[in-house]
Amino acid sequence: MSRNGLLAALAASVILSAASATAQEQPAGTAPDAAPAVAAPVAPAAPASPAAVAPATMAPAQQQPAGAPNATAGSSAAMELTLPHDLSPWGMFMAADIIVKGVMIGLAFASLVTWTIWLAKSLEILGGKLRISRAVRAIGDAATLKQASRALDRSGGPGALLVRAAEEEAALSAGALDHVSGDGLKERVTSRLSRIEAAASRRMSRGTGVLATIGSTAPFVGLFGTVWGIMNAFIGISQAQTTNLAVVAPGIAEALLATAMGLVAAIPAVVIYNVFARSIAGYRQILADASAGVERLVSRDLDFRTVAPATAMAAE
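Residues numbered from 1 in each chain as written. Predicted model: local features only at pLDDT ≥ 70, side-chain atom pairs only at ≥ 80, totals over all residues. Heavy atoms only, no water.

1. Brief notes about the overall build of the protein
- Within the protein, the secondary structure is distributed over twelve helices and zero strands.
- Secondary structure of the protein in N-to-C order comes out as α-α-α-α-α-α-α-α-α-α-α-α.
- Within the protein, contacts between residues at least 6 apart in sequence are counted, and of these 79% link residues at least 24 apart.
- Looking at the protein as shown, the accessible area adds up to about 19,600 Å², and 66% of this sits on carbon and sulfur atoms. (Helix = DSSP H or I, 4+ residues; strand = E, 2+ residues; numbered from the N terminus. Contact = heavy atoms within 4.5 Å. Areas by Shrake-Rupley, 256 points an atom, 1.4 Å probe, with all protein chains shown as cover.)

2. Focus on the pattern of salt bridges
- Taken as a whole and judged by the stated rule, the model has four salt bridges.
- Taking the shortest distance from any N to any O, the salt bridge between arginine 192 and glutamate 168 comes out at 3.0 Å. On the criterion of sequence distance, the pair formed by arginine 192 in helix α9 (residues 183-205) and glutamate 168 in helix α8 (residues 158-172) is long-range, its members being 24 residues apart.
- On the basis of relative accessibility, which here comes to 28%, the residue arginine 192 falls in the partly exposed class. (Salt bridge = Lys/Arg side-chain N within 4 Å of Asp/Glu carboxyl O. Buried < 20%, exposed > 50% of the residue type's maximum accessible area, 1.4 Å probe, protein only.)

3. Some details on α9
- End to end, α9 covers 33 Å across 23 residues, agreeing with the expected 33 Å (1.5 Å per residue, within 8%).
- Buried residues of α9: Leu185, Val189, Leu193, Ile196, Glu197, Ala198, Ala200, Ser201, Met204 and Ser205, and no others.
- Looking at the residues trailing α9, positive phi occurs at glycine 207, about 100 degrees. (Expected span 1.5 Å × (residues − 1).)

4. Re the confidence of the model for the protein
- Looking at the protein as a whole, the pLDDT averages 75, with 64% of positions reaching at least 70.
- Within the protein, helix α2 (residues 36-42) has the poorest average pLDDT of any element, 39, and helix α6 (residues 98-141) the best, 92.
- Within the model, pLDDT remains below 50 along residues 25-81, and this stretch shows eight contacts once partners closer than five positions in the same chain are excluded. (pLDDT = per-residue confidence, 0-100.)

5. Re the side chain of threonine 226
- Here threonine 226 shows up in helix α10 (residues 208-240).
- When residues no more than four places from it in sequence are discounted, the contact partners of threonine 226 are Ala255, Ala258 and Thr259.

6. Quick word on the packing of aromatic side chains
- Following the criterion strictly, the structure yields two aromatic pairs and no others.
- Judged by centre distance (5.8 Å) and plane angle (80 degrees), the ring pair of tryptophan 115 and tryptophan 118 falls under edge-to-face. Note that tryptophan 115 and tryptophan 118 are positioned in helix α6 at a spacing of three residues, about one turn of the helix.
- What makes tryptophan 118 partly exposed here is its relative accessible area of 38%.
- Measuring from centroid to centroid gives 6.1 Å for phenylalanine 224 and tryptophan 228, while their planes differ by 45 degrees, and the two rings are tilted. Taken as a pair, phenylalanine 224 and tryptophan 228 lie in helix α10 at a separation of four residues, close to a single helical turn. (Phe/Tyr/Trp six-rings, centres within 6.5 Å; stacked < 30°, edge-to-face > 60°.)

7. Overview of the packing of α8 against α9
- Running from N to C, α8 and α9 point in directions that differ by 155 degrees, and their axes come no closer than 9 Å. Comparing their axes, α9 and α8 come out roughly antiparallel. Of the two possible hands of crossing, α8 and α9 adopt the one that is right-handed. Contact with α8, carried on its side by Pro158, Leu161, Leu162, Ala165, Ala166, Glu168, Glu169 and Ala170, involves Leu185, Arg188, Val189, Arg192, Leu193, Ile196 and Ala200 of α9 and no other residues of that element.
- In the contact of α8 with α9, the residues fall into eleven nonpolar, no polar and four charged. (Axes fitted to C-alpha atoms, helices over the stretch in contact; angles between N-to-C directions. Parallel < 35°, antiparallel > 145°, perpendicular 65-115°, else oblique. Left-handed = near helix turned anticlockwise from the far one by under 90°. Nonpolar A, V, L, I, M, F, W, Y, C, P; charged D, E, K, R; others polar.)

8. Structural notes on the nonpolar core
- Ile139, Leu145, Leu152, Leu162, Val163, Val294 and Val298 are the most contacted members of the largest nonpolar core, which has 33 residues in total.
- Contributions of two or more residues to this core are made by α6, α7 (145-151), α8, α9 and α11 (245-304).
- Among the elements that make up this core, the one with the highest residue count is α11 (ten residues).
- Setting aside residues up to four positions removed in sequence, valine 294 forms contacts with Ile139, Leu145, Leu162, Val163, Ala166 and Leu193. (Core = buried A, V, L, I, M, F, W, Y, C linked by side-chain atoms within 4.5 Å.)

9. Here's the deal with the environment of threonine 208
- Structurally, the position occupied by threonine 208 is in helix α10.
- In the structure, threonine 208 is positioned 64 residues away from isoleucine 272 in sequence and 8.8 Å away in space, judged by C-alpha atoms.
- For threonine 208, the residues in contact, after removing those within four places along its chain, are Tyr273, Phe276 and Ile280.

10. Notes on a nonpolar patch on the surface
- Together, Trp115, Trp118, Leu119 and Leu123 make up an exposed nonpolar region whose accessible area comes to about 440 Å².
- Inspection of the secondary structure assignment puts leucine 123 in helix α6.
- Since its relative accessible area comes to 57%, leucine 123 is described here as exposed. (Patch = residues over 30% accessible without salt bridge, like charges linked within 9 Å, V, L, I, M, F, W, Y side chains within 5 Å.)

Structure representation (structure tokens):
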């Protein structure tokens, strides 16, 4: 019996030593609930775990909020939708401010008026030069005022008016020519012819003043549209809080389009006005030649009044 008791005591001591060694090797957090002596040392370490866990959980939230990627993507998509991608002239016009649109429409209308005046006035000047040139040839070929009147009987224009005015004045002064010299008749004829010349010149110059107005004001109207468009571009920059070229480019492009339309309206108007000014000056010269020819015919008729009737008939 003593041997059996000794073996039992030895087995119990081995079991206890193995259990104590196993308890020392296990971590504090894995201790079994049934061992109160092992769980008690772990309790003081529990308060430190929230502070250690909090930075680990807070740092990712501070570096990248949960909704940040979606918000950035949404703002980028909204910006892409609001920015005009069509930078053609028509696209820029449709995307422009209402004031800039009004400026562009006004300049386009001014350009249309310029080319309409160019077409109408070119035909008018060409026809007027042809008529007055024929009248000058007829007056130069005539020996008397009656011959010139017969040659221009069926034609219109200022040349025929000059001859008719001289004939009317000569007929009104016929009763006084036997008692006075013909100087008074020449002065009256010259006065009437000068009025006819002035009226024909004014009629031919009609419409060119509009070209001068368009040529002088269109660049400044376009500049007004430019200033307004650039102002809107800076307002867009302040609202978008960015200086990205995609935000700035559309407003500046609209402004430059207004400037371009101002130049498109102004440059042809100035060039066409100068061309018409030279053409009308040439027309006035031909008209002055016709008036001088009529004065020569009147003077010749006055000289032949003192000549024998047979000589006068021969002259006619």
